[in-house]
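Descriptive structure summary
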Amino acid sequence: MLGRTLQEVSAALKQGQITPTELCQKCLSLIKKTKFLNAYITVSEEVALKQAEESEKRYKNGQSLGDLDGIPVAVKDNFSTSGIETTCASNMLKGYIPPYNATVVQKLLDQGALLMGKTNLDEFAMGSGSTDGIFGPVKNPWSYSKQYREKRKQNPHSKNEDSDWLITGGSSGGSAAAVSAFTCYAALGSDTGGSTRNPAAHCGLVGFKPSYGLVSRHGLIPLVNSMDVPGILTRCVDDAAIVLGALAGPDPKDSTTVHDPINKPFMLPSLADVSKLCIGIPKEYLIPELSSEVRSLWSKAADLFESEGAKVLEVSLPHTSYSIVCYHVLCTSEVASNMARFDGLQYGHRCDINVSTEAMYAASRREGFNDVVRGRILSGNFFLLKENYENYFVKAQKVRRLIANDFVNAFNSGVDVLLTPTTLSEAVPYLEFIKEDNRTRSAQDDIFTQAVNMAGLPAVSIPVALSNQGLPIGLQFIGRAFCDQQLLTVAKWFEKQVQFPVIQLQELMDDCSAVLENEKSASVSLKQ
C-alpha cells in the first residue's frame, strides 16, 4: 500500500481495503525507520492519528470529503501550521509556533488530509541542496536504492561507504525525500527559483510549480514575494493534479491570487491527439555544463514527441544568459526586505545582550541567521542603497520583463509547451556538493528553473529515466500562464510513455511487496 499512488490509495480507502488509521500508522512506522534520511524536522504523530480517527468516522458514515480524505501528506517547514513548530530550519525561528495555518495547509486539512509532519529544508529556503539548515542535510533515498547500489558494485573505483550519500536537491529536499521514501503520498514545497522542481528531478518525483497567483502564498514565510509559489511533490502527474485541485483558487488573504480557472474536481483528461501539439526547445538551454546523459535524454524526449506526430520547434529565449544575475539581484533585494522583520523584538530569536537596542539587533541577527542568509541580506541591502538602486534593482526589473517577454514571444509563435532539462546532471554526493559555496551551487543548479519564476509561468519536472549510475534524471515542461491544466495533460501523456521505474528500498522496509508489485517496466525507454 505504501508504494501506491495517492489516487490508488484513495480508491483503497473508499473500498475499505485499508482504514485511515492503519495507513497513518504504516507511514509513521516508516518515518521512524527512515529517520536517518533527516527528511522531517517535526513529526506530528498525535495530530496525524487524531486526524486519521476523524477520517475513519467519515468513511464509516459515508461522508468522505474527497480524494484527499485520509491521505498522509507532509509540509515544508516554511509553511505556518497552527500549534506545530515552524522553524524554516533556522535558529531565528526555533521554537516558533504559529497561531494559524497557511491557506494551502488549511485547504489540505479541510479536504481530510493527514499531516504527518514538517519537512527539512535549506535555512529560510535559501539553497539548492537542502544541506544548509540547522537540523543538518537531507539524504536522498536513492542513495540506498537497489538500483544505485547495484551500479556502484559494478564500478571498481567506487567506495561503497555510507558517507558517500547523495543530496536531494533543494530547497524542498525534505519534502522530496519524504515522498520518495514512501512516508507520505504528497508533500508541499515552496518554489522561488526551482526549489520544488530541482529536488523532484534528483529524487525521481513529479515536482509541480503552479502559475504565480493560482495558489495562495498566505502563511508561506516569504523569501521573494514576487516569485514564491507553493509547490507540489508527488509520485505521478495525476496525484499532482488532485492536490492542485484542492489548493487552487482566490484567497482574500493574498491579493496576488486570481480567479480560479481550474475546474473542480480536477481530473486530467487523456491527451487524445499528440499531433496537434507544438513543443518548443529553447536553444539557449543547450549549454556546455549540461551533462551528456541529460542532453541525450532531452533529445530523445523531443524525438518521442516528433515520432508521435507532434511538431517540435527550436525557439529562442535570448535573455536567458542574464537570468542568473538578474535573479540574484532581485532575490537578495527582496530577501533583505523580508528578513528585516526578524529583529529580536517582534519576531524570532532574541540575544541576551542589553547594552543598546542596536547591539541587541545585531547580535540577535548574527546568532539567528547562518552565513548564507546574512550574505544575501548584505547583498540585497547593497543593491537597494540609494546610489545603487537605479543601476542594480531597477535594471534587474527591466531585464526580468525582457525574460518574461521572451516566453510570451515563444508561446505566441505557436508553441504549446517548452521542453527543457530540469538540472544539469543527476544528484551528486554530498561531499562533492559542499566543495562549492551556496551562491555558486544555486546559480548552477537552478539555471533552467529560475527564469520560470521571474515570468510567473507554470512548470513541472517529470522523471524520465535512470542514469548510468542508477539515479533519476528529470526533464521540465513549461506552460503558458494559467494553462496549468494543459501543461499537466501533456506531462501526463509523456509520463505514461516513459514509465519511470519505482525506487526499490528493500533494506528500508519490512514489506516491500506493495512497492514491487507497482514497479513499472518501461514501454518506451529513452535510454536505448
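Fair warning: this is a prediction, and the values are worked out from it, not measured in the lab.

Moving on to the overall build of the protein. Within the protein one finds 18 helices and 11 strands. At 22 Å, the protein has a C-alpha radius of gyration in line with the 24 Å of a compact globule built from 528 residues. In terms of overall dimensions, the protein has a C-alpha envelope of 65 × 55 × 55 Å along the principal axes. Per-residue burial over the protein gives 61% buried out of 528 residues. By sequence separation, contacts in the protein at least 24 residues apart represent 77% of the contacts at least 6 residues apart.

A separate point is a nonpolar patch on the surface. A cluster of nonpolar side chains, namely Phe-382, Leu-385 and Tyr-392, defines an oily patch on the protein surface of about 250 Å² accessible area. Here Leu-385 is to be found in the loop between helix H12 (371–383) and helix H13 (390–412). Judged by relative accessible area, which is 37%, Leu-385 ranks as partly exposed.

Counting 158 residues, the largest nonpolar core has Met-116, Phe-124, Phe-305, Phe-407, Phe-477 and Phe-494 as the members making the most contacts within it. Broken down by element, the residue count for this core peaks at eight residues, all from helix H8 (residues 237–247). If near-sequence neighbours (up to four positions away) are discounted, Phe-494 is found in contact with Ala-301, Leu-304, Phe-305, Ile-462, Val-464, Leu-475, Phe-477 and Leu-526.

Of note, Thr-103 is situated in helix H4 (residues 103–110). Look at Thr-103 and you get buried, because its relative accessible area is 11%. Dropping the residues within four chain positions of it, Thr-103 is found in contact with Ser-216, His-218 and Asp-251.

What follows is about the packing of aromatic side chains. What characterises a pair of aromatic rings is the spacing of the ring centres plus the angle enclosed by the ring planes. Inspection of the entire model under this criterion finds 15 aromatic pairs. Pairing Phe-477 with Phe-494 gives two aromatic rings, centres 5.2 Å apart and planes at 70°, and the pair type is edge-to-face. Of this pair, Phe-477 sits in strand E11 (residues 472–478) while Phe-494 sits in helix H17 (residues 484–498), and the two are 17 residues apart along the sequence. Residue classification places Phe-477 among the buried positions, given a relative accessible area of 0%.

The next subject is the UniProt feature "active site" (unreviewed entry) in the protein. If you check UniProt for "active site" (unreviewed entry), the listed places come out as Lys-76, Ser-171 and Ser-195 in our numbering. The greatest C-alpha distance among the residues just named is 11.1 Å, despite their covering 120 residues of sequence, which places them together in space. Positionally, Lys-76 belongs in strand E2 (residues 72–76). Residue Lys-76 is classed as buried on the basis of its relative accessible area of 0%. In terms of polar contacts, Ser-171 uses its side chain to reach the backbone carbonyl oxygen of Ala-125, at 3.5 Å.

Quick look at the sheet that holds strand E3 (residues 114–119) now. The strand order across the open sheet formed by 11 strands is E1-E3-E2-E4-E6-E5-E10-E11-E9-E7-E8, and the pairing between neighbours is mixed. In this open sheet, the two strands that pair with only one neighbour each are strand E1 (40–43) and strand E8 (311–315). Shown here is a sheet whose adjacent strand axes are inclined to one another by a mean of 30°, direction ignored. Relative to E11, strand E9 (residues 417–421) runs antiparallel, the two being bridged by four bridges. Pairing of Thr-420 across the sheet is with Gln-476, part of E11. Across the face of the sheet, H17 comes into contact with strand E5 (206–209), E9, strand E10 (459–466) and E11 while running at roughly 5° to E10.

Looking now at the pairing of strand E7 (residues 278–282). Most of E7 sits inside the fold, with five of its five residues counted as buried. Where burial is concerned, the two faces of E7 agree: the one with Cys-278, Gly-280 and Pro-282 and the one with Ile-279 and Ile-281 are both buried. Across five bridges, E7 lies against E8 in parallel orientation. Following the sheet pairing, Ile-281 is matched in E8 by Glu-314. A crossover connection joins E7 to the parallel E8 through helix H9 (residues 292–307); in handedness this β-α-β unit is right-handed. With two bridges joining them, E7 and E9 adopt parallel strand pairing. Along E9, the bridge assignment pairs Ile-279 with Val-417.

Turning our attention to the pattern of salt bridges. Here the structure, examined in full by the defined rule, presents nine salt bridges. We note a salt bridge from Asp-77 to Lys-118, for which the minimum N-O separation is 2.9 Å. Highlighted residues: Asp-77 in the loop between E2 and H4 and Lys-118 in strand E3, separated in sequence by 41 residues. Exposure class is identical for Asp-77 and Lys-118. Each is buried. Note that Arg-197 is salt-bridged to Asp-191, the shortest N-O span being 2.8 Å. Residue Arg-197 is classed as buried on the basis of its relative accessible area, which comes to 0%.

Okay, the packing of H9 against H17 next. Direction vectors running N to C along H9 and H17 enclose 105°, while the axes themselves pass 12 Å from each other. Accordingly, the angle class assigned to the pair H9 and H17 is roughly perpendicular. Within the contact between the two elements, H9 uses Ala-301, Leu-304 and Phe-305 and H17 uses Val-490, Trp-493, Phe-494, Gln-497 and Val-498. Here the contact of H9 with H17 is built from residues that sort into seven nonpolar, one polar and no charged.

Below, the discussion takes up empty space enclosed by the protein. To find leftover empty space, one rolls a probe the size of a water molecule over the atoms. Following the criterion strictly, the structure yields five cavities of 30 Å³ or more and no others. Together, 21 residues line the largest cavity, and Gly-204, Arg-235, Phe-500, Pro-501 and Val-502 are the ones closest to its centre. Looking at the lining of the largest cavity, the elements with two or more residues in it are helix H6 (173–180) and E10. Among the residues forming the lining of the largest cavity, the class breakdown is 11 nonpolar, six polar and four charged.

Our focus in this paragraph is unusual backbone geometry. Here Gly-170 and Ser-171 are connected by a cis peptide whose omega angle stands at 10°. Looking at the secondary structure, you find Ser-171 in the loop between helix H5 (146–154) and H6. A positive phi angle, close to 70°, is found at Phe-182, a residue other than glycine. Residue class for Phe-182 comes out buried when judged on its relative accessible area of 2%.

Rules of the game
- Residues numbered from 1 in each chain as written.
- Predicted model: local features only at pLDDT ≥ 70, side-chain atom pairs only at ≥ 80, totals over all residues.
- Heavy atoms only, no water.
- Helix = DSSP H or I, 4+ residues; strand = E, 2+ residues; numbered from the N terminus.
- Rg over C-alpha atoms; globule rule 2.2 N^0.38 Å.
- Buried < 20%, exposed > 50% of the residue type's maximum accessible area, 1.4 Å probe, protein only.
- Contact = heavy atoms within 4.5 Å.
- Patch = residues over 30% accessible without salt bridge, like charges linked within 9 Å, V, L, I, M, F, W, Y side chains within 5 Å.
- Areas by Shrake-Rupley, 256 points an atom, 1.4 Å probe, with all protein chains shown as cover.
- Salt bridge = Lys/Arg side-chain N within 4 Å of Asp/Glu carboxyl O.
- Core = buried A, V, L, I, M, F, W, Y, C linked by side-chain atoms within 4.5 Å.
- Phe/Tyr/Trp six-rings, centres within 6.5 Å; stacked < 30°, edge-to-face > 60°.
- UniProt positions renumbered as here; feature names shortened; annotations may be inferred.
- Polar contact = N/O pair within 3.5 Å; in protein donor to acceptor, adjacent residues only side chain to side chain.
- Pairing = 2+ DSSP bridges.
- Axes fitted to C-alpha atoms, helices over the stretch in contact; angles between N-to-C directions.
- Right-handed = clockwise from strand over helix to strand, strands pointing away.
- Parallel < 35°, antiparallel > 145°, perpendicular 65-115°, else oblique.
- Nonpolar A, V, L, I, M, F, W, Y, C, P; charged D, E, K, R; others polar.
- 1 Å grid on protein atoms, 1.4 Å probe; cavity = no way out; pocket = protein on both sides within 12 Å on 5 of 7 lines; lining within 4 Å.
- Points joined across faces, edges and corners; volume = space filled by probe spheres on them.

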